[in-house]
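These are the residues of each chain, in order.
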Amino acid sequence: MPSEAHEIIKAMLHESPLFVTSEDGVIDVQAARRAMEASTATSQLPEGIRVEPVDAAGVPAEWLSGPGADASRVLLYLHGGGYMIGSIASHRALAARIAESAGMRALIIDYRLAPEHPFPAAVEDAIAAYGFLLEQGIAPERIAIGGDSAGGGLTIAALIALRDAGRPLPGAAIALSPWTDLAGTGESMTTRAEADPMVQRDPLLASAALYLDGADARTPTASPLYADLGGLPPIYIQVGTAETLLDDSTRIAARIRAAGGAVELETFEDLIHVFQALAPHVPESLEAIEKLAAFVKRSL
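Sequence order sets the numbering: in each chain, residues are counted from 1 along the sequence as written. Thresholds applied to this predicted model are a pLDDT of at least 70 for local features of residues and 80 or more for the giving and counting of side-chain atom pairs; totals over whole chains, interfaces and linings are not thresholded and use all residues. To obtain the side-chain values, all non-hydrogen atoms of the structure were included, while hydrogens and water were left out.

Draft legend 1. Highlighting the overall build of the protein. Along its length, the protein carries nine helices and eight strands. What the globule rule says is 2.2 Å times the number of residues to the power 0.38, and the radius of gyration is computed from C-alpha atoms. Here the C-alpha radius of gyration of the protein, 17 Å, is about what a compact globule of 300 residues would show, namely 19 Å. Over its C-alpha atoms, taken along the principal directions, the protein stretches across nearly 50 × 40 × 35 Å. Across the 300 residues in the protein, those meeting the buried criterion constitute 57%. Contacts between residues were defined by any pair of non-hydrogen atoms, one from each residue, lying within 4.5 Å. Counted over contacts in the protein with a minimum sequence separation of 6, partners at least 24 positions apart contribute 77%. Helix and strand labels come from DSSP, where a helix needs a run of H or I of at least four residues and a strand needs a run of E of at least two; each type is numbered from the N terminus. A 1.4 Å probe rolled over the protein chains alone gives each residue an accessible area, and that area as a share of the maximum for its type sets the label: buried under 20%, exposed over 50%, partly exposed in between.

Draft legend 2. Inspection of the packing of aromatic side chains at higher detail. Between the rings of Phe, Tyr and Trp (Trp by its six-membered ring), a pair exists once the centres lie within 6.5 Å; its type follows the angle of the planes, with under 30 degrees stacked, over 60 edge-to-face, and the other angles tilted. Counted by the stated rule, this structure contains six aromatic pairs. Relative to Trp-179, the ring of Tyr-83 lies with its centre 5.9 Å away and its plane at 35 degrees, an arrangement referred to as tilted. Here the residue Tyr-83 occupies a position in the loop between β3 (70-78) and α3 (88-102), and Trp-179 occupies one in the loop between β6 (172-176) and α6 (188-191), the gap between them amounting to 96 residues. A residue is classified by how much of its surface remains accessible, and Tyr-83, at 1% relative accessible area, is buried. Given the relative accessible area of 1%, Trp-179 is considered buried. Judged by centre distance (5.4 Å) and plane angle (40 degrees), the ring pair of Tyr-236 and Phe-295 falls under tilted. Here Phe-295 lies in helix α9 (residues 283-299) and Tyr-236 lies in strand β7 (residues 235-240), a separation of 59 residues in the sequence. Classification of Tyr-236 as buried rests on a relative accessible area of 3%.

Honestly, that's just the spatial picture; any functional story needs more than this.
Here is the structure:
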């Protein structure tokens, strides 16, 4: 029996599909961006959240601070959207809810998007924003990096890039339905296709092609699934069992464990892509956010 969250997302997508394509399968990027913004326009911030725009080392960003937030702890949030859509505005409420539950501030950024700015622009902007936090005097062990979908994959890609550059790593990371394999090789891309009303293989690969712009889909900082995953901070991954990207989570969690890393993977029965964004309307979404916050609090 489909869950309430599953049915709500299906209804939302029927009214405003996220990936608008032409007859030949080409994504209409501008229409997709408008659809994303429209689908999240009614998202409300938790009461008392203060929003402060900031230039984070050249990357447009916002500070999100709730009453009593610990200013020494920060969640650097990277929004989803297939590396071509999404924004601070579309994901502000989700980032704010996670940070508020964890009693910390969030810095959410507008990293550059494809096709205007293909790989590795998003990775470069995530690294720049992390450097901005260090320059502000935030200790690395008091920083968590997190994101959903493409932003979840970008979270792990940023950790890999920071590690390889010999820079101090954040204390923890969270990934919501992360997109970690831009080659789209997971079995769930087909076995979960009928159950998932949001993400399908052909539009996903079209989005990947726009972002990669000719780069190999198995490049480690584009598709973290193919990276050396040793030496990363603790990571908590949430994913639904009714989404095509399920295997992107299960496989990378297994590979992090095989590399000796600390990873927690939690699957949510019958829930689909980034269901956490339905908070506060869906109980499962609120429960998941509380679990994300609890992980961050005990890890930092």
